Amino acid sequence: MDKIVSLSKRRGFVFPSSEIYGGLGSSYDYGHYGVLLKNNVKGQWWRAMLQERDDIVALDSAIIQHPRTWEASGHLAGFTDPLVDCRTCKLRFRADHLGQSACGRKPSKHPGETPECDLTESRDFNLMFQTTVGPVKEEGSTVYLRPETAQGIFLNFKNYMQFSRKKPPFGIAQIGKSFRNEITTGNFIFRTREFEQMEMEFFVPPPEAGKWHQHWMSARMNWWTSLGLRPDHLRLRAHDDDELSHYSSATSDVEYLFPIGWSELEGIANRGDFDLTQHAKFSGQKLEYVDTATGDRYVPYVIEPAAGVDRAMLAFLVDAYDEDEIEGEQRTVLRLHPVLAPVKVAVLPLVRKDGQPELAAEVFRELRDHVQTEYDEGGAIGRRYRRQDEIGTPWAVTIDHQSLEDQTVTLRDRDSLKQVRVPIGELTDVIRGRLSEPWRSPKLDA
Ligand code: GAP
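Values in this document were obtained by computation on a predicted structure and should not be read as measured data.

Here we take up the overall build of the protein. Helices and strands together make up the secondary structure of the protein, namely 13 helices and 23 strands. Taking the principal axes of its C-alpha atoms as reference, the protein extends roughly 75 × 70 × 50 Å. Counting all 446 residues of the protein, 50% fall into the buried class. Looking at the protein alone, contacts between residues at least 24 apart form 66% of all its contacts between residues at least 6 apart. Side-chain charges in the protein split into 56 positive and 67 negative, and the spacing between the mean points of these groups amounts to 2 Å.

Below you can see the structure in the form of structure tokens.
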């Protein structure tokens, strides 16, 4: 994890937030390459939800919703973590995570393990951030930052019934920020207080819920592996009854083998009719599907695949991180799936003279119309390759003296390190072709 954190900062993927003020715990800012990688992850999710299917529509709902939302959803009463305070070191811990927490005075021990530790009884602490709407804090002005994007989808169910002409089974998908006042944080971007979720609520006839739950478990596992995560680092784990959220009758987590051990990447839950029924009760509105032909009506069940964008990024970075040796020199390389790589092609003139930069600039202008491309002419060619390897750029195009004679360039592959000569006129098609080929992590064969 330390290596990922350091590379992320060094190469402009992720910075600790508010660093000039000493940082704010568990808050991170995404730099240039982090934004590009994150956009690619989200783009692939939208693609799988919207472009490759015809039974899902999109939504972007508000972060601050009517406060009754959270009464109906059960978050106001039940979205809590059990907490204990230590009267000696004044730190606060999750009662159910004491074994993973470090004592404030003796970090080699867990809270409660030293004679000086003086822990309070455990009490429940709500994870939702509160704020107020309007200039005066008065009764009725308290609102919450959403702790999951899912509720915005349920609040809009009626709108979609009216406008989208969809009937169950169909889904509504959304990506957006969620907020939780987490007590146990740390582990870089694995668990933060502000994070992005990619959630899809799939509304189905109740008797089909089991079948669709299975469908989404396998579809989501395939999505993660199709983007290069090594299958032996991924598993599906069904929740025990005592782990289930208040709304779920069955949940399975997609877990990834992070440096901190097997941990949740995505949850795939059967939420039954809990949310629509609750919102119908609290709002007084009918939230059901009515078959206009037969007059049949029912409240659909919901199957929900819910993934975290930041956690996905961490998994892709961890899975991609590799070190090898080229000609006796140590190399750090991100073996990202090319469709996720922040930059697809680097264009590098071998030397900064003899017309090479001018020709390289032409090649750069042609390629950037099609894929994210970077131009770099500064420093020794080896150093420039290393830099692109560290940000995961799958291909580098080098313009040399021969390029000016025969209009060909060398195309270097990040993983195999093979270099081939390609006519400049064919470069765009060659890169596009490579981008659409299936990709397999070379770490699987190492
Ligand atoms: N709507 C269901 C729901 O929110 P969840 O398991 O609490 O379920 C779904 O969250 C996903 O959101 C998780 O699998 C994880 O990837 C991500 N996530 C949840 N809390 C997070 C946090 N504090 N920091 C980063 N990601 C988080």
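A word on the site of the ligand. Close to the ligand lie 21 residues; Glu148, Glu182, Thr192, Glu199 and Glu264 are nearest. A distance of 2.8 Å separates a nitrogen atom of the ligand from a polar backbone atom of Thr192. Glu304 places a side-chain nitrogen or oxygen 2.9 Å from a nitrogen atom of the ligand. Computed on the free molecule, the ligand has an accessible area of 550 Å², of which 92% lies beneath the protein chains in the complex. Mapped by element, the contributors of at least two residues to the shell around the ligand are strand S10 (194-204), strand S13 (261-272) and strand S16 (301-308). In terms of residue count, S13 provides more of the shell around the ligand than any other element does, five residues in total.

Another point: the sheet that holds strand S21 (residues 395-399). With mixed pairing, the five strands of this open sheet are ordered in space as S20-S19-S21-S22-S23. Edge positions in the open sheet fall to strand S20 (373-375) and strand S23 (419-423), since each of these has one partner strand only. The sheet shows a mean angle of 25 degrees between the axes of neighbouring strands, direction not considered. Running at roughly 170 degrees to strand S19 (residues 345-349), helix H11 (residues 381-391) makes contact with S19, S20, S21, strand S22 (408-413) and S23 of the sheet.

So, about the side chain of Asp376. Checked against the element boundaries, Asp376 lands in the loop between S20 and H11. Apart from the residues within four sequence positions on either side, Asp376 is in contact with Val347, Leu348, Pro349, Arg384 and Arg387.

Judged by pairing direction, the sheet is mixed, and its seven strands sit side by side in the order S3-S9-S10-S16-S13-S12-S11 without closing on themselves. Where the open sheet ends on each side, the last strands, each with one partner, are strand S3 (56-58) and strand S11 (234-238). Direction aside, neighbouring strands of the sheet carry axes that sit 25 degrees apart on average. With three bridges joining them, S3 and strand S9 (residues 170-179) adopt parallel strand pairing. Counted as the bridge partner of Ala58 is Ala173 from S9. In the packing of helix H7 (residues 209-226) onto the sheet, contacts are made with S3, S10, S11, strand S12 (250-258), S13 and S16, and the angle to S13 comes to roughly 150 degrees.

Glancing now at the packing of aromatic side chains. Here the structure, examined in full by the defined rule, presents 15 aromatic pairs. Arranged with centres 6.0 Å apart and planes meeting at 45 degrees, the rings of Phe13 and Tyr33 form a pair that is tilted. Placement of the pair is Phe13 in the loop between helix H1 (2-10) and strand S1 (14-16) and Tyr33 in helix H2 (residues 32-51), with a sequence separation of 20 residues. Ring plane angle 45 degrees and centroid distance 5.9 Å describe the contact between Phe364 and Tyr375, whose orientation is recorded as tilted. Note that Phe364 is positioned in helix H10 (residues 356-368) and Tyr375 in strand S20, a separation of 11 residues in sequence.

Our next topic: the state of the cysteines. One covalent bond between the sulfur atoms of two cysteine residues makes up a disulfide. Applying the stated rule across the entire model yields zero disulfides. With no disulfide partner, Cys86 has as its closest neighbouring cysteine sulfur the one in Cys89, 3.7 Å distant.

Below, the discussion takes up the pattern of salt bridges. Working definition: two side chains of opposite charge can pair if their charged atoms are close together. Going through the model one piece at a time under the given rule, you end up with 39 salt bridges. A salt bridge links Lys38 to Glu196; the shortest N-O distance between them is 2.9 Å. Taken together, the residues Lys38 in helix H2 and Glu196 in strand S10 connect sequence positions 158 residues apart. The burial state of Lys38 is the same as that of Glu196; both residues are buried. Here Asp81 ties to Arg94 by a salt bridge, and the two come within 3.2 Å at their closest N and O atoms. Of the two residues, Asp81 sits in strand S4 (residues 80-85) while Arg94 sits in strand S5 (residues 92-94), which places them 13 residues apart along the sequence. Take Asp81: its relative accessible area is 7%, and that puts it in the buried class. Taken together, the salt bridges that share partners define one network made up of Asp322, Asp324, Arg331, Arg335, Asp389, Arg412, Arg414 and Asp415.

Mapped onto the elements, Arg146 comes out in the loop between strand S8 (142-144) and helix H5 (150-155). An unpaired buried charge is present at Arg146: no salt bridge exists, and Asp60, the closest side chain of opposite charge, is 5.3 Å distant. Leaving out residues up to four positions away in the same chain, Arg146 has contacts with Ser61, Ala62, Ile63, Trp70, Gln174, Gly176, Lys177, Ser178 and Phe179.

Moving on: helix H9 (residues 309-320). Counted at 1.5 Å a residue, the expected span for H9 with its 12 residues is 16 Å, and the 16 Å between its end C-alpha atoms agrees. With 12 of 12 residues buried, H9 is to be regarded as a mostly interior element. Along H9, the positions that sit buried rather than exposed are Val309, Asp310, Arg311, Ala312, Met313, Leu314, Ala315, Phe316, Leu317, Val318, Asp319 and Ala320.

Scoring rules and cut-offs
Residues numbered from 1 in each chain as written. Predicted model: local features only at pLDDT ≥ 70, side-chain atom pairs only at ≥ 80, totals over all residues. Heavy atoms only, no water. Helix = DSSP H or I, 4+ residues; strand = E, 2+ residues; numbered from the N terminus. Buried < 20%, exposed > 50% of the residue type's maximum accessible area, 1.4 Å probe, protein only. Contact = heavy atoms within 4.5 Å. Lys, Arg positive; Asp, Glu negative; His and termini not counted. Charge placed at Lys NZ, Arg CZ, Asp CG, Glu CD. Near = heavy atom within 4 Å. Polar contact = N/O pair within 3.5 Å; in protein donor to acceptor, adjacent residues only side chain to side chain. Areas by Shrake-Rupley, 256 points an atom, 1.4 Å probe, with all protein chains shown as cover. Pairing = 2+ DSSP bridges. Axes fitted to C-alpha atoms, helices over the stretch in contact; angles between N-to-C directions. Phe/Tyr/Trp six-rings, centres within 6.5 Å; stacked < 30°, edge-to-face > 60°. Disulfide = S-S within 2.5 Å. Salt bridge = Lys/Arg side-chain N within 4 Å of Asp/Glu carboxyl O. Expected span 1.5 Å × (residues − 1).

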